[in-house]
Structure formats: structure tokens, C-alpha cells
Amino acid sequence: MTPTRKKRMTVVLLILLGVGIAAAIAMTALQENLLYFVSPSDVAADKMPAGRQFRLGGLVKDGSVVRANESLEIHFVVTDGPEDVAVVFNDILPDLFREGQGIIAIGALDTAGVFQADEVLAKHDEEYMPPEVADALEKTGHTVADQNAAAENKP
Amino acid sequence: MNPVMKFIHKTGSPAYFYWLSGRMIPWLWAIFAVLTIWGMYQAFFVAPTDYQQGESYRIIYIHVPAAWMSMMIYILMAIFGAIGLIWRIRIAEIFAVSSAPIGAAFALIALITGSIWGKPTWGTYWVWDARLTSQLVLFFLYLGVMGLHSAIDEPRKAARAAALLALVGVVNLPIIHFSVDWWNTLHQGTTVKIGGGSKMPNSMLIPLLVMAIATKFYYGAALLTRARNRLLDQDRRRGWVAKKIKEDQL
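For clarity, every value in this text was computed on a predicted model and none was experimentally measured.

**Q** Would you take a moment to explain the overall build of chain B for this structure?
**A** Summing up its helical and strand segments, chain B has nine helices and zero strands in all. Overall, chain B shows an N-to-C arrangement of helices and strands of α-α-α-α-α-α-α-α-α. Each principal axis of the C-alpha atoms in chain B carries an extent, and together these give about 65 × 35 × 35 Å. Within chain B, contacts between residues separated by at least 24 positions form 76% of all contacts whose residues are at least 6 apart in sequence.

**Q** Explain the environment of Ser198(B) here, please?
**A** All names here are of chain B. Positionally, Ser 198 belongs in the loop between helix H7 (172-182) and helix H8 (202-234). The exposure class of Ser 198 is partly exposed, given the 18 C-beta atoms found within 10 Å. In this structure Ser 198 touches Thr 191, Val 192, Lys 193 and Leu 205, once residues within four positions along its chain are discounted.

**Q** Is there a simple way to think about the interface of chain B and chain A in this case?
**A** How big an interface is tends to be stated in terms of the accessible area lost upon association of its parts. Taken together, the contact between chain B and chain A spans 34 residues of the former and 33 residues of the latter. Every element with two or more residues in the side of chain B that touches chain A is listed here: helix H3 (60-87), helix H4 (90-122) and helix H6 (155-169) of chain B. Looking at the side of chain B that touches chain A residue by residue, the classes come out as 19 nonpolar, twelve polar and three charged.

**Q** It is not clear to me how the nonpolar core should be interpreted in this structure. Could you clarify?
**A** One recurring pattern in soluble globular proteins: nonpolar side chains tend to sit buried together. Membership of the largest hydrophobic core comes to 61 residues, with the highest contact counts inside it found for Met77(B), Phe95(B), Ala96(B), Ala163(B) and Ala166(B). Secondary structure elements with two or more residues in this core: helix H2 (14-46), H3, H4, helix H5 (130-151), H6, H7 and H8 of chain B. Residue contributions to this core peak at 15 residues, all from H3(B). Beyond its immediate chain neighbours, meaning those up to four positions away, Ala163(B) contacts Gly81(B), Ala82(B), Gly84(B), Leu85(B), Glu93(B) and Ala96(B). Of all hydrophobic cores here, the second largest spans 27 residues; its members include Tyr36(A), Val38(A), Ile103(A) and Ala117(A).

**Q** I keep staring at the environment of Pro65(B) and nothing clicks. Help me out?
**A** Examined against the element boundaries, Pro65(B) turns out to sit in helix H3. In this structure, the C-alpha to C-alpha distance between Pro65(B) and Leu208(B), residues 143 residues apart in sequence, is 7.4 Å.

**Q** Got a minute to help me understand the environment of Gly39(B) in this structure?
**A** Residues and elements named next belong to chain B. Looking at where Gly 39 falls in the secondary structure, it is placed in helix H2. For the pair Gly 39 and Ile 25, spaced 14 residues apart in sequence, the C-alpha separation works out to 21 Å. Gly 39 has contacts with Pro 207, Val 210, Met 211 and Ala 214, leaving out every residue within four places of it along the chain.

**Q** How do you make sense of the packing of H5(B) against H7(B) when you look at a structure like this?
**A** Relative orientation and spacing of two packed helices are given, respectively, by the angle between their axes and the distance between those axes. Residue and element names in this part refer to chain B. Relative to each other, H5 and H7 sit at 160°, their axes nearing to 8 Å. Taken together, the axis directions place H5 and H7 in an arrangement best described as roughly antiparallel. The element H5 and its partner H7 pack so that their crossing is left-handed. Every residue of H7 that contacts H5 at Ala 130, Arg 131, Ser 134, Gln 135, Val 137, Leu 138 and Leu 141 is listed here: Asn 172, Ile 175, Ile 176, Ser 179 and Val 180. Per-class residue counts for the contact of H5 with H7 are seven nonpolar, four polar and one charged.

**Q** Is there a simple way to explain the pairing of strand E3 (residues 74-79) of chain A in this structure?
**A** Consecutive side chains of a regular strand alternate in pointing toward one face of the sheet and then the other. Residue and element names in this part refer to chain A. Two elements, strand E1 (residues 53-60) and E3, share two bridges in a ladder whose sense is antiparallel. Bridged to Leu 59 within E3 is Thr 79. Where strand E2 (residues 66-67) lies against E3, two bridges are found, and the strand directions are antiparallel. Considered in E3, the bridge of Val 66 is made with His 75. Hairpin geometry of E2 and E3 is characterised by an intervening segment of six residues between the two adjacent antiparallel strands. Where E3 and strand E4 (residues 84-89) come together, six bridges link them in antiparallel fashion. Each residue of the ladder has a partner; that of Val 78, found in E4, is Val 85. Adjacent in sequence and paired antiparallel, E3 and E4 are bridged by four residues, among which Gly 81 carries a positive phi angle near 105°.

Cut-offs and rules
- Residues numbered from 1 in each chain as written.
- Chains lettered and ligands numbered in written order.
- Predicted model: local features only at pLDDT ≥ 70, side-chain atom pairs only at ≥ 80, totals over all residues.
- Helix = DSSP H or I, 4+ residues; strand = E, 2+ residues; numbered from the N terminus.
- Contact = placed C-beta atoms within 7 Å.
- Buried ≥ 20, exposed ≤ 12 C-beta atoms within 10 Å, placed from the backbone.
- Nonpolar A, V, L, I, M, F, W, Y, C, P; charged D, E, K, R; others polar.
- Core = buried A, V, L, I, M, F, W, Y, C linked by C-beta atoms within 7 Å.
- Axes fitted to C-alpha atoms, helices over the stretch in contact; angles between N-to-C directions.
- Parallel < 35°, antiparallel > 145°, perpendicular 65-115°, else oblique.
- Left-handed = near helix turned anticlockwise from the far one by under 90°.
- Pairing = 2+ DSSP bridges.

Written out as C-alpha cells, the structure is:
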């Protein structure tokens, strides 16, 4: 390689390195702000002030969904395992909403510590399978989550 | 001269490239067409429905290949740009510049199909999470490369300026890919993993991979077609073009 080309190659590599370092620093600084949602554990640790808008993400706790008879109002609990947050919502839910589903609720805590959601989004997971397979898993007493855990434990 | 450099120089000669690409393009289109027809048929009529999303998941057969291509083309554009910057090989500069509109189209397709899928699945067309935002930035980077290139009249200077911007934008690629691991996002994690462990049965995965291969042939055909046109335009006063026109008229 001629000296000019070597020089140009060095410049190209320095550009990549410089931009990479700048981006890494910027992302470290913005880490918190880049999180699309906070978990119930974060809520418990940070003690989010009442009335401040944020996005809460987690799983809908099994057996926690209570629907009102005469309105759209729905009560449920969002959990990430160790911590729970009670949520109230009064609008139309996405199709994928059900117990055990990952969701993101946008809203704020009220003074009683209940999360008043203005919007609820369903979070889809990376799992795809035919319905027969899902049924077969249910029958043998395995849930999709169990299978995931098993897959992750494999070396 | 070693054989690799010899090959590069030979392919870099405009007349030879024009001839070679002319022979390759029909084959690339043909393979693309066969794979796409077969892949789309498998995707829409043969692959099973999803246990959770039903039929709407089938949009991944367009969304995922388009998103992969938008990233792969960006990497190639930056590599061609770097080769052009370092070795001043004109055909590499032309490849880099010709890649931008193709990549931009794939990025836009990924954004639009994702949005259409997002409404029924998530309950919203768009959110500003890290994955969606970084993919939108990728689309704007393509537009930036195209805009910068067209703003400079002299083609070789224009190509070098565009290549520099393309290089700077490379930093966005790991951000797109790892965004779903590094931060909480609404977008789900990676389903298809290189080296096994994909979270999808083969009946769903194979049509997806076929579509991913088909789009690569589309890129090859579209890139060579665009590169040929650009080369002809740049060399319109050069001898080999005049000779080519004369040959074609006979």
C-alpha cells in the first residue's frame, strides 16, 4: 500500500473510532432517557411522585384482571416478579392484552399509589409458533414461558 | 501485481464492467423472481398461523427481510465508500452512491410495514422507542447521503463527500441491532439468531430465509443496473461509450 493510501486508511479508521467513542459517551449519558419504560421494581425504588407522567412496563399478573360491569373500566396488576403496581384503565385494550402478557401502560401514579393509565400497549415477544404447538404445550402442562426458560438454559 | 488487485482493476475498467454487469443482470432478476414467488407463496399460503397474532404476523415476511437489507446495504455502502476514499477506485464510488436509494427504499418499507403491524399488535402505529427511532435515523442517513451527493456537481468529489457521511453513519448500525438488548423497548427482541436457537419453527422460518435471500438478488440486480446507468452518464464523452453505441447500432 502506498503511503497516501495508508494515510487515507488511517483517516477512515480514525473517523470510525471517533464517531464510535462519541456515540458511546452520548449513550452512556442518556442511558436513563433511552429506556422506553420503567419496571415496577424501578417504581418501588425511585418512588415516582404522584402525577408525573411515565411509562410502566411489565407482565399482567395472573388472576388480577377485574372488569367493571357497566363501563370499560378495568383494574389489573402489572408485575415484574418482585414488585407489583396496581393499574386502572378506562379505554379500549389492544387485542393481545390478557393475563401473563407483557404490556406498557402510559400514565401517572395517583396519590393512593395506583397507576392511572391513559393508554395501554401490548408488548409482543420474539416467540412465534403455530396454534397446534401452543395447544400441545398447554396439554402437557408446559407453558410457553417454561419452554423459553428451558431454551435459555441450554448451552 | 497480485491476482486480487488484478481482478479489482479489471472489473474496475468501465468497458469490462459494463459488459460483465450486462450479462449478470438478467440472471439476478430471474433468481430474484423465482425465489420471491416461491417465498411469498410459502409465506402466505403454506406457513402456519401464529398462536397469538393469527394471520397478521405474516407481514414479517416483508418487514424482516426489508429491515435486514436496509442494514446490510448500509454496511456495503460504507465499505464501497471507504474503498473509494482510500484507493480512489471509481466503480466503488459508483457502487456506494448507487446503493443509497435502494437501501432507503428498504428502510422505508421496514418502517411502513412495521407501523401497519404495530397498530393491531401493540395498539399504536408508532412509538419513540430506541429500535424504531434508530431505524428512522437510518432512513434519514440514506436521504442525507443521497442529498449530499446530488448537491455537489463534480461526480468524484460528490462521491467522496457522500462516502464520508456514510462512514459516520455506520455508528448507527450496532445501535439498531442491539437497541432491543441495551434498553427497554416496545419492539421485541431478536427472533432469528445466526447459529441456531431461533424462536420460530422451521415451517415459519424457511420462507423468511428464502425471502431474505431473494431480496439480496434484488439488491444485486438493482445495484448493477443503477451503477451501469451512472457509469454511462459519467463517461458519455469517453471513447468506450462511443464504441459501444456504434457496436449496438450494427
